[in-house]
Amino acid sequence: MKINRNAPCPCGSGKKYKKCCLRSKEDAQRELDESQNLIFQDKAEYRVEGLGRLEKLRKNGKLSDDQRINAALAHAHALQGVGNYAESLRILQEMQPDLNSQLAAHIEIKRAVCLVYLERGREAVELLGHALRNIADDAMPIWRAGMYLEASRVFGIIGLDDETYEWAMKSAGIFYELGEHESYARALSNAASTLLHREDEGEQLRGVGILEEASIIKESVGDFEGLSTNECLLGSYFYRKGNLGRALAHYRRDLAIARKVGNQLGVAISHGNLAGLYADLRQLKSARDQLYEMKKISNNLENPWQLRKAELLEEKINSIGRELGQSGIAIGPSAQCVCNSGKIYKECCGFADFEPLMLHVPFGGVSEDASDARSEFSELGLKLTFLDHVLRDTPSAKKRLSWSRISRRDGVYIKYELPDMANHHLTAAKQLLLVCDDSGVHGPMSAILMAVCSAEAFINSLCYFIVNEKDAEELGFVGIPEKLADNCLEYQRTTELRSKWIVVGSVVTWGEWKPSGQVWDDFNRLVSIRNELVHFKADYELVEPRKTEHPLIKGLPDSIKVRNIPFSWPFRLLTKEAAEWGVGTVEKLFDDFRSCYRRARIARAKSDSP
């Protein structure tokens, strides 16, 4: 029965419901929402904070039934995220009666995840079978696909390849139809993992290719847990194939990502994988270091299965050490590599030991405005392109530091970076405005120079991007200057700034960019001032008595007041007011251009529609 907001609170406090338990429920919902947001962050410290807040929240006796269920599920998920599967299972097992079949299936699949990590695979399979039978075909597609994906992950850990492939592909099909490309990549990864165990060499290589492609997508969207799994799968595959150097690269990366995720059981498993591999590579010190970390974490987790694995690994490392010692075979980084290449370890398979563990890229998922742009373009029937991202008009785009391009070589990531110098120059100009005053010329001059540098960097970046996107079917650029297409860098260096804005701007907007009006006039004046300052021509200027005004001052807008002093034009023109006008002009130019691109992009797509 619904309680009226102004009715006495049923708890007997004597207060109105809206000022007692209703307020408590609303506060609890806010806390639940914030805690759930924290546990899904990629940083381990955020997950730990969210876990602590959920533990505290679940002790709140005034939660609604739905809130209690959601808090318990979130708490169980958070515990899985830090590797505490035993406690997660305990919470899930307490959630029993009066559950609808959809929620029951959800809980059972979550329990199966715990069981498989607790080495109770047979129970996990039985529970999955029951849960999957209870998932109705008419259940919400996104939820159904997510449950299929979780099931495929559990089957994969157990080693049931056929079941893994079946449920992963069912999940992938739904995600593809929904346009959920990130989840689609995860499902494909699960399916691809089964290909690595096929007898056919071609199928194995196809699985490797799918996993590597999916890894790039996962890293770009901040799916570090999925990325760690991919790296582990690839490391194990190349380990089995005898490509120990490539296996080492993947395993090391898996460990670095597992640490970032914060799942301690995952970290312990990664240490164990590396310990075994280093032993086979005759790098016994590294093997023992990894084993030490594995045992320490397993003891903290009180995980008997990992501790038993650690004992077996210790026996293996000691056995290899004894055999090598008795045979007089050298070990260590300067010893001959076990792959029989004739090289020493550190110049062969050990090369991966010297590669960066993690790329220094601030990945953190898909930005909110990027998601909004994708949704908006999808509603218009458009496919979002890289240039659409570059030219989106949002606060975060205006704070962008750089663009990154990532490739892989034998399991090692290679990063290229293109700084967004337009943003950097414009930010520098705006910061200079904060310290400018009317007593000097250096601050205003620097701000004006930085503003024009920003305009040059903006259009130069577009030069690069249109050359790289010239074959994109969705864009279909025409009229790209031959000089630009043949040598992009030379075109950027040798073409006058305003000419680039006219020509390249027209190409990018399919002829819609026709510079004119007050903003373009002001930009022309600003560039002329920049040119005179940078390419200063030495000559005396008559300053007193002044018979004629300097051309640059004559061309200023009436709103700009120059200093009335008997000095040459730079000292009169370079005021804080002039600097603010210059920076504002460039900002307006950028805004006008982004708006023009957007209008032209949508209009062109509509005109191409049947």
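Predicted, not measured: the structure shown is a model, and the values here were computed from it.

1. Looking at the environment of Asp 162
Examined against the element boundaries, Asp 162 turns out to sit in helix α8 (residues 161-178). Taking the C-alpha atoms as reference, Asp 162 lies 9.3 Å from Ala 191; in sequence the two are 29 residues apart.

2. Here's the deal with the pattern of salt bridges
Enumeration over the complete set of coordinates arrives at 32 salt bridges. Among the salt bridges present, the one from Asp 223 reaches Arg 186, with a minimum N-O distance of 3.1 Å. Pair noted here: Asp 223 is in the loop between α10 (201-221) and α11 (224-241) and Arg 186 is in helix α9 (residues 181-195), with a separation of 37 residues, a long-range link. A relative accessible area of 28% places Arg 186 in the partly exposed class. Here Arg 498 makes a salt bridge to Glu 496, at a shortest N to O gap of 3.0 Å. The structure contains a network of salt bridges with shared partners spanning Asp 393, Lys 398, Asp 591 and Arg 594.

3. Observations regarding the nonpolar core
Counting 61 residues, the largest nonpolar core has Leu 387, Leu 391, Leu 484, Trp 501, Val 504 and Leu 573 as its most contacted members. The element that contributes the greatest number of residues to this core is helix α19 (residues 442-468), accounting for 13 residues. With sequence-adjacent residues up to four places away left out, Leu 387 is seen in contact with Leu 462, Phe 465, Glu 469, Leu 475, Phe 477, Val 508 and Tyr 597. Membership of the second largest hydrophobic core comes to 50 residues, among which are Leu 51, Ala 74, Ile 135 and Phe 175.

4. Side note on α8
Spanning 18 residues, α8 covers 26 Å between terminal C-alpha atoms, matching the ideal 26 Å at 1.5 Å per step. Every buried residue belonging to α8 is among Thr 164, Trp 167, Ala 168, Ser 171, Ala 172, Ile 174 and Phe 175, and all of these are buried. Within α8, the buried residues cover an arc of 165 degrees as seen down the axis, which keeps them to one side. Exposed residues on α8 whose side chains face more than 90 degrees from its buried face are Asp 162, Tyr 176 and Glu 177. Of the residues flanking the end of α8, it is Gly 179, one or two places downstream, whose phi is positive at about 75 degrees.

5. Side note on helix α15 (residues 304-327)
For α15, built from 24 residues, the straight-helix expectation of 34 Å at 1.5 Å per residue is met to within 8% by its first-to-last C-alpha distance of 35 Å. Along α15, the residues classified as buried are Gln 306, Ala 310, Leu 313, Ile 317, Ile 320 and Leu 324. Summarising the contacts, the buried residues of α15 are in contact with α13 (264-280) and α14 (284-301). Capping the start of α15, Asn 303 holds a side-chain oxygen 3.1 Å from the backbone nitrogen of Trp 305, two or three residues further along. Of the residues one or two after α15, Gly 328 is the one with positive phi, at around 70 degrees.

6. Comments concerning a nonpolar patch on the surface
Where nonpolar side chains cluster on the molecular surface, the patch consists of Met 140, Ile 142 and Leu 178 and spans about 270 Å² of accessible area. Looking at the secondary structure, you find Leu 178 in helix α8.

7. What about the environment of Arg 498?
Position of Arg 498 relative to the elements: it lies in helix α22 (residues 497-508). Put simply, Arg 498 and Glu 456 are 42 residues apart on the chain and 8.9 Å apart in space, counted from C-alpha to C-alpha. Here Arg 498 is in contact with Trp 520, Phe 523, Asn 524, Val 527, Ser 528 and Asn 531, once residues within four sequence places are set aside.

8. Some remarks on the confidence of the model for the protein
Across the protein, the average pLDDT comes to 85, with 88% of residues at 70 or higher. Per-element averaging of pLDDT across the protein places helix α16 (residues 368-379) at the bottom with 65 and helix α21 (residues 488-494) at the top with 95. Confidence over residues 359-367 falls short of pLDDT 50; this stretch has 22 contacts with residues more than four positions distant or in other chains.

9. So, the packing of helix α18 (residues 421-435) against α19
Packing of α18 against α19 leaves a shortest axis separation of 8 Å and a crossing angle of 160 degrees. With respect to α19, the axis of α18 lies roughly antiparallel. You can see that α18 and α19 cross each other, and the crossing is left-handed. Across from Met 421, Ala 422, His 425, Leu 426, Ala 428, Ala 429, Leu 432 and Leu 433 in α18, the residues of α19 making contact are Gly 443, Ser 446, Ala 447, Met 450, Ala 451, Cys 453, Ser 454, Ala 457 and Phe 458. The residue makeup of the contact of α18 with α19, split by class, is 13 nonpolar, four polar and no charged.

10. A few points about the environment of Ile 216
As for its placement among the helices and strands, Ile 216 is situated in helix α10. Classification of Ile 216 by relative accessible area gives partly exposed; the value is 34%. Once the C-alpha coordinates of Ile 216 and Ala 185 are considered, the two residues, 31 residues apart in sequence, prove to be 9.8 Å apart.

11. Considering the side chain of Arg 252
Examined against the element boundaries, Arg 252 turns out to sit in helix α12 (residues 244-261). Reaching out from Arg 252, the side chain makes a polar contact with the backbone oxygen of Asp 353 at a distance of 3.4 Å.

12. A closer look at the packing of aromatic side chains
The geometry of two aromatic rings is summed up by the distance between their centres and the angle between their planes. Evaluation of the coordinates by the stated rule reveals 20 aromatic pairs. With a centroid separation of 5.2 Å and 65 degrees between ring planes, the pair formed by Phe 386 and Phe 465 is classed as edge-to-face. Of this pair, Phe 386 sits in helix α17 (residues 386-390) while Phe 465 is found in helix α19, placing the two residues 79 residues apart along the sequence. In this structure Phe 465 comes out as buried when scored by relative accessible area, which is 4%. Site record: aromatic cluster; members linked through ring pairs are Phe 458, Trp 501, Trp 513, Trp 520, Phe 523, Phe 590 and Phe 593. Over the aromatic face of Tyr 165 sits the side chain of Arg 198, whose NZ or CZ is 5.4 Å from the ring centroid. Over the aromatic face of Phe 224 sits the side chain of Lys 260, whose NZ or CZ is 4.9 Å from the ring centroid.

13. Describing the state of the cysteines
Applying the stated criterion to the full structure yields zero disulfides. Of the cysteine sulfurs around Cys 463, a residue in no disulfide, the closest is that of Cys 488, at 5.7 Å.

14. Side note on unusual backbone geometry
The linkage connecting Glu 544 with the following residue, Pro 545, adopts the cis geometry, with an omega of -5 degrees. Take Pro 545: it is sitting in the loop between α23 (517-534) and α24 (551-554). Phi at Asn 340 takes a positive value of approximately 65 degrees, unusual for a residue other than glycine. In this structure, Asn 340 sits in the loop between α15 and α16. Looking at Asn 340, the relative accessible area reads 72%, which means it is exposed. With a phi angle near 55 degrees, Trp 510 is a residue other than glycine that sits in the positive phi range.

Here is what the cut-offs are and how they apply
- Residues numbered from 1 in each chain as written.
- Predicted model: local features only at pLDDT ≥ 70, side-chain atom pairs only at ≥ 80, totals over all residues.
- Heavy atoms only, no water.
- Helix = DSSP H or I, 4+ residues; strand = E, 2+ residues; numbered from the N terminus.
- Salt bridge = Lys/Arg side-chain N within 4 Å of Asp/Glu carboxyl O.
- Buried < 20%, exposed > 50% of the residue type's maximum accessible area, 1.4 Å probe, protein only.
- Core = buried A, V, L, I, M, F, W, Y, C linked by side-chain atoms within 4.5 Å.
- Contact = heavy atoms within 4.5 Å.
- Expected span 1.5 Å × (residues − 1).
- Arc of directions from axis to C-beta.
- Polar contact = N/O pair within 3.5 Å; in protein donor to acceptor, adjacent residues only side chain to side chain.
- Patch = residues over 30% accessible without salt bridge, like charges linked within 9 Å, V, L, I, M, F, W, Y side chains within 5 Å.
- Areas by Shrake-Rupley, 256 points an atom, 1.4 Å probe, with all protein chains shown as cover.
- pLDDT = per-residue confidence, 0-100.
- Axes fitted to C-alpha atoms, helices over the stretch in contact; angles between N-to-C directions.
- Parallel < 35°, antiparallel > 145°, perpendicular 65-115°, else oblique.
- Left-handed = near helix turned anticlockwise from the far one by under 90°.
- Nonpolar A, V, L, I, M, F, W, Y, C, P; charged D, E, K, R; others polar.
- Phe/Tyr/Trp six-rings, centres within 6.5 Å; stacked < 30°, edge-to-face > 60°.
- Lys NZ or Arg CZ within 6 Å of the ring centre and 35° of its normal.
- Disulfide = S-S within 2.5 Å.

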